[in-house]
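Below are the chains, spelled out letter by letter.
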Amino acid sequence: MPQHPDGDHQLPVAPAGAVTPPPPPRPGLSYTAPAPIEVIPETPRSISVARGLWLLSLIAGSAVVVGSFLTRTSNLERLRPVVDEMAPGGDADAISTSAGIVFWGRSVGI
């Protein structure tokens, strides 16, 4: 395709008075070709079982955390003497805080 010196493309121009032919006709619509819809394959059984076990483990872990929260007072009372034996001479606030750290660290699995 010819170009101008500045790099623009030069479009062909019909000579003056010449009749340009009409554009070719467009093809008609076709209803015979189906739409390209992708079929989603069925999930394999092993993946469904793994997903179910994973959800079951989340539910079990949540139940343990909730159960630990509901029984925290009796467990903290049981842990205070143990912490006091390991570090004797501490004040009551320090012992309670240490017992709380031990309790939640054991309950949550830290």
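The rules behind these values
Residues numbered from 1 in each chain as written. Predicted model: local features only at pLDDT ≥ 70, side-chain atom pairs only at ≥ 80, totals over all residues. Heavy atoms only, no water. Helix = DSSP H or I, 4+ residues; strand = E, 2+ residues; numbered from the N terminus. Expected span 1.5 Å × (residues − 1). Bend = angle between axes of the 7 residues up to and from the residue. Buried < 20%, exposed > 50% of the residue type's maximum accessible area, 1.4 Å probe, protein only. Salt bridge = Lys/Arg side-chain N within 4 Å of Asp/Glu carboxyl O. Core = buried A, V, L, I, M, F, W, Y, C linked by side-chain atoms within 4.5 Å. Contact = heavy atoms within 4.5 Å.

Caption draft 1: Up close: helix α2 (residues 72–86). Relative to the 21 Å expected for 15 residues at 1.5 Å per residue, α2 spans 21 Å between its end C-alpha atoms, a close match to the ideal helical length. L79 marks where α2 bends most, by close to 25°; the proline P81 follows one to four residues later. Taken together, the buried positions of α2 are N75, L76, L79 and V83.

Caption draft 2: Here's a closer look at the pattern of salt bridges. Counted according to the given criterion, the structure contains one salt bridge. For R80, the salt bridge identified is with E77, shortest N-O distance 2.5 Å. Separated by three residues within a single helix, R80 and E77 lie in helix α2, roughly one turn from each other.

Caption draft 3: Looking closely at the nonpolar core. Ranked by size, the top nonpolar core spans six residues in total: L76, L79, V83, I95, A99 and F103. At the level of elements, α2 and α3 (92–108) are the ones that each hand at least two residues to this core. Residues within four places of L76 in sequence aside, it is in contact with A99, G100 and F103.

Shape is all these values report; function is a separate question.
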